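Fold and geometry: a report
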Amino acid sequence: MFKVKRTGSWLFAAALAAAVAGVPATAQAQSIDDALAQAYSDNPTLNAARAALRSVNESVPQALSGWRPQIFGRIDVGSQYSHTDPGGSRYRNTASAGISLSQALFRGFRTVNSVRQAEAVVRAERESLRATEQAVLLDAATAYMDVISTTAIVSLRRSSLAFLSEQVRAAQDRFEVGEGTRTDVSQARARYSEAQSDLNLALANVNSARAIYRQVVGSDPKSLSARTSIYGRLPRTLDEGLKLSDSNHPSILAAQHLVDAGTFGVKTIEGELLPTVTVEADLQRQWRPPSSPTTDTVDSASIFGRVSIPLYQGGAVSSRVRQAKEDLGQTQIQLDVARDRIRANVVSAWGQYQAAQASIQAGEDAVAANQLALEGVIEEQRVGQRTTLDVLNAQFDLVNSRVSLISAQRNRTVAAYALISSIGRLTSDQIGLGVARYDETAHYKKVRNSWYGLTTPDGR
C-alpha cells in the first residue's frame with residue numbers, strides 16, 4: 001500500500017517523477033528556469049521570429065534611400081548606316097559612355113513619411129517578437145509541467161497495479177480455503193485489468209509529453225524539479241493584472257505601432273499628389289559620333305532642375321489613398337480586438353489560477369480522507385465486515401483523488417505562467433532567466449544607415 005502526506009508543494013509529485021525517471025531524488029535537477037532558458041536560446045520558432053525582425057529592419061534603409069542620389073553608368077556600342085545620293089552608302093562605328101545622377105529634393109513628404117512608417121513597422125515587429133517569446137516560454141513551462149505530472153501519474157498507476165495484483169492473489173487464496181467467493185476473484189481481476197489499461201494510457205501520455213518537451217525545449221527531459229519562483233511575480237489582484245496587460249502586453253503595443261504605420265502610410269500615398277523636385281546631371285563621351293565626321297570624340301555634360309506636377313493619374317493614386325484609409329480603419333479595429341482578447345486572457349488565467357489553488361486544497365483533503373478510508377476498509381475486511389469490492393472501491397477512489405491532486409498542482413503552475421504571459425511579463429529579462437539576452441536593436445543599428453553592401457551583419 002502507498003501512503004501520502006498532506007502538502008501543498010510539488011515535492012510529492014517531483015519525488016514520484018524522479019523515481020520513475022530512474023534517478024536519485026537528490027540528483028542535480030534541471031529546473032524549470034533552466035528549461036525556459038534553453039528554449040529561449042534554441043527554440044526554432046523563436047529564432048525564426050528573430051530572423052523575421054531582421055528582415056523587417058531592412059525596410060528602414062530602403063525608405064531612407066529616398067534621400068539619397070540615384071547614379072547610373074551606361075555604355076553604348078553600335079554601328080550606323082547611311083545612304084546619300086549621289087554620295088552613296090556609308091557605315092560608321094560609334095561608342096559612348098556616360099554617367100547620370102538624379103537627386104530628389106522634394107517628393108511630397110513621401111520619404112519622411114515612408115521612413116516613419118518603416119520605423120513604426122519595426123517597432124511593431126519587435127513587439128511581435130516579444131509576443132512570440134512569451135508564447136514559446138509558456139509552451140516550455142507547460143511541457144515541463146506535463147512531463148512531471150504525467151510521470152507522477154505513471155508512478156501512481158504502477159503502485160495501484162501492484163496493489164491490485166496483491167488483491168487478486170489474496171482473493172484467490174481466500175477462495176481456495178473457502179473464505180471467499182469466485183465473485184471476489186473476478187472483481188479483483190477486473191479491477192486489475194482496468195488498472196493495466198490506465199497504466200498503458202499513462203505511459204502513452206508520458207511519451208507524448210516528452211516528445212513535446214523535446215520539440216519546444218530542444219532536448220530530452222532528464223531529472224526535473226518543479227520548484228519555481230513564478231508565484232512571487234503574480235499580480236496581487238485581477239484589476240492590477242488588467243492594468244498591467246493594457247500598458248505592457250506586446251500584442252497591444254504591436255497593434256498600436258501598426259496604427260501609427262497605417263497613418264504614415266496614408267500620408268505617404270497622399271504625397272504622390274504633390275509636386276516632385278529633382279536635380280538631374282549627365283556626363284557623356286562619344287567616340288566618332290555620326291553627326292561630327294571630322295572629330296573622333298565629343299564630350300558633353302548637362303545639369304537640370306526638374307519639377308514634376310501631377311495633374312491626373314487616371315484615379316489610381318486617389319483609389320490607393322482611399323484604400324490606405326480603409327486599411328488604417330481596419331488596423332484601429334484590430335487594436336480594439338487585441339485589447340479585448342488580452343483582457344479575456346487575463347481574466348481566464350486569473351480564474352484558472354484561483355480554481356487550481358482551490359482544487360489543490362480540496363485534493364489534499366480528498367487524498368487524506370480516502371487514505372484513511374482505504375486503511376479502515378482493509379481492517380474491516382480482515383474481520384469480515386467489508387467485502388473485496390469495498391476494498392477495491394476505496395482504493396479506486398484514493399488513486400483518482402491522487403491523480404486529481406497532481407493535475408491540480410500542474411494546473412496551478414501552468415496557470416501562473418499563463419497569467420504572467422497575459423500581462424506581458426513572461427520574458428527572459430522580466431522573469432530573470434540566466435541566459436544571454438537577444439538584443440533586438442543590434443541588427444537594426446548596423447543596417448539602418450547602410451548605403452551599400454550585400455553582406456549581412458552576421459557575414460552572410
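The rules we used
Residues numbered from 1 in each chain as written. Predicted model: local features only at pLDDT ≥ 70, side-chain atom pairs only at ≥ 80, totals over all residues. Heavy atoms only, no water. Helix = DSSP H or I, 4+ residues; strand = E, 2+ residues; numbered from the N terminus. Rg over C-alpha atoms; globule rule 2.2 N^0.38 Å. Buried < 20%, exposed > 50% of the residue type's maximum accessible area, 1.4 Å probe, protein only. Contact = heavy atoms within 4.5 Å. Areas by Shrake-Rupley, 256 points an atom, 1.4 Å probe, with all protein chains shown as cover. Lys, Arg positive; Asp, Glu negative; His and termini not counted. Charge placed at Lys NZ, Arg CZ, Asp CG, Glu CD. Salt bridge = Lys/Arg side-chain N within 4 Å of Asp/Glu carboxyl O. Core = buried A, V, L, I, M, F, W, Y, C linked by side-chain atoms within 4.5 Å. pLDDT = per-residue confidence, 0-100. Patch = residues over 30% accessible without salt bridge, like charges linked within 9 Å, V, L, I, M, F, W, Y side chains within 5 Å. Axes fitted to C-alpha atoms, helices over the stretch in contact; angles between N-to-C directions. Nonpolar A, V, L, I, M, F, W, Y, C, P; charged D, E, K, R; others polar. Expected span 1.5 Å × (residues − 1). Phe/Tyr/Trp six-rings, centres within 6.5 Å; stacked < 30°, edge-to-face > 60°. Lys NZ or Arg CZ within 6 Å of the ring centre and 35° of its normal.

In this section: the overall build of the protein. Across its full length, the protein carries eleven helices and six strands. Its C-alpha radius of gyration of 37 Å places the protein more than 25% over the 23 Å reference for a compact globule of 460 residues. Overall size of the protein, expressed as C-alpha extent along the three principal axes, is 140 × 50 × 40 Å. In the protein, which comprises 460 residues, the share counted as buried stands at 41%. Within the protein, counting contacts between residues at least 6 apart in sequence, those at least 24 apart form 83% of the total. Surface exposure of the protein reaches about 24800 Å², of which carbon and sulfur atoms provide 53%. Looking at the protein, you have 50 positive and 45 negative side-chain charges, and the mean spots of the two groups are 5 Å apart.

The next subject is the pattern of salt bridges. Inspection of every chain in the model, using the stated rule, returns 20 salt bridges. Salt-bridge contacts for Glu240 lead to Arg236; the nearest nitrogen and oxygen are separated by 3.5 Å. Given a relative accessible area of 26%, Glu240 falls into the partly exposed group. With a relative accessible area of 74%, Arg236 lands in the exposed category. Across the salt bridge formed by Asp429 and Arg437, the nearest N and O atoms sit 3.9 Å from each other.

The next point concerns the nonpolar core. Within the largest apolar cluster, 56 residues are counted, with the highest numbers of intra-cluster contacts made by Leu36, Tyr144, Tyr213, Tyr417 and Ile431. At the level of secondary structure, the elements contributing two or more residues to this core comprise α2 (32–42), α3 (44–57), α5 (110–176), α6 (182–217), α7 (238–248), α8 (250–270), α9 (316–382) and α10 (388–422). Setting aside its immediate chain neighbours within four residues, Ile431 contacts Leu36, Leu137, Ile230, Arg233, Ile420, Arg425 and Leu426. Ala202, Ile360, Val377 and Ala394 belong to the second largest nonpolar core, which has 29 residues in total.

Attention shifts here to unusual backbone geometry. A positive phi is found at Phe109, a non-glycine position, where the angle reads about 65 degrees. Along the chain, Phe109 turns up in the loop between β3 (88–106) and α5.

With that out of the way, let us pick up the confidence of the model for the protein. With 92% of its residues at a pLDDT of 70 or more, the protein has an overall mean of 88. Across the protein, α8 holds the top mean pLDDT of 96, while helix α1 (residues 11–21) sits lowest at 44. Across residues 1–26 the pLDDT falls below 50, and counting only partners more than four positions away or on other chains, this stretch makes 58 contacts in the model.

The next point concerns the environment of Ile99. Here Ile99 shows up in strand β3. Judged by its relative accessible area of 42%, Ile99 is partly exposed. When the C-alpha atoms of Ile99 and Leu242 are compared, they prove to be 61 Å apart, with 143 residues separating the residues in sequence. Setting aside residues no more than four positions away along its own chain, Ile99 makes contact with Ile71, Phe72, Gly73, Arg74, Ala281, Asp282 and Leu283.

Moving on to a nonpolar patch on the surface. Residues Ile71, Ile99, Leu101 and Leu283 make up a contiguous nonpolar surface patch of roughly 350 Å² in combined accessible area. As for its position among the elements, Ile71 is in strand β2 (residues 70–84).

Let us now look at the packing of α7 against α8. Look at α7 against α8: their axes get within 6 Å of each other, and the N-to-C directions meet at 35 degrees. Between α7 and α8, the contacting residues are Ser245, Asp246, Ser247 and Asn248 on the first element and Pro250, Ile252 and Leu253 on the second. Within the contact of α7 with α8, the residues separate by chemical class into three nonpolar, three polar and one charged.

Counted at 1.5 Å a residue, the expected span for α5 with its 67 residues is 99 Å, and the 96 Å between its end C-alpha atoms agrees. Positioned one or two residues after α5, Gly178 has a phi angle of 85 degrees, which is positive.

Of note, Leu242 is situated in helix α7. Measuring from C-alpha to C-alpha, the distance between Leu242 and Ile423 comes to 7.1 Å, with 181 residues separating the pair along the chain. In this view, Leu242 contacts Arg343, Val346 and Val347; residues no more than four positions away in its chain are not counted.

Bringing the packing of aromatic side chains into the picture now. Working definition: an aromatic ring pair is given by the centre-to-centre distance plus the angle between the planes. A complete count under the given rule lists three aromatic pairs for this structure. Arranged with centres 5.1 Å apart and planes meeting at 85 degrees, the rings of Phe106 and Phe109 form a pair that is edge-to-face. Looking at Phe106, the relative accessible area reads 29%, which means it is partly exposed. Look at Tyr144 and Tyr213: their rings are 6.3 Å apart centre to centre, the planes differ by 45 degrees, and that puts the pair in the tilted class. With Tyr144 in helix α5 and Tyr213 in helix α6, this pair connects stretches of sequence that are 69 residues apart. Its relative accessible area of 0% is what places Tyr213 among the buried residues. Above the ring of Tyr444, the side-chain terminus of Arg126 is found at 5.0 Å from the ring centroid.

Turning next to the side chain of Ser428. By the element assignment, Ser428 lies in the loop between α10 and α11 (442–447). The class of Ser428 is buried, set by a relative accessible area of 4%. The contact partners of Ser428, leaving out residues within four places of it in the chain, are Tyr40, Glu133, Leu137, Leu433, Val435 and Arg437.

One full turn of an α-helix is made of 3.6 residues, so residues set three or four places apart face in the same direction. Taken together, the buried positions of α2 are Ile32, Ala35, Leu36, Ala37, Gln38, Ala39 and Tyr40. Summarising the contacts, the buried residues of α2 are in contact with β1 (30–31), α3, α5, α6, β4 (224–225) and α10.

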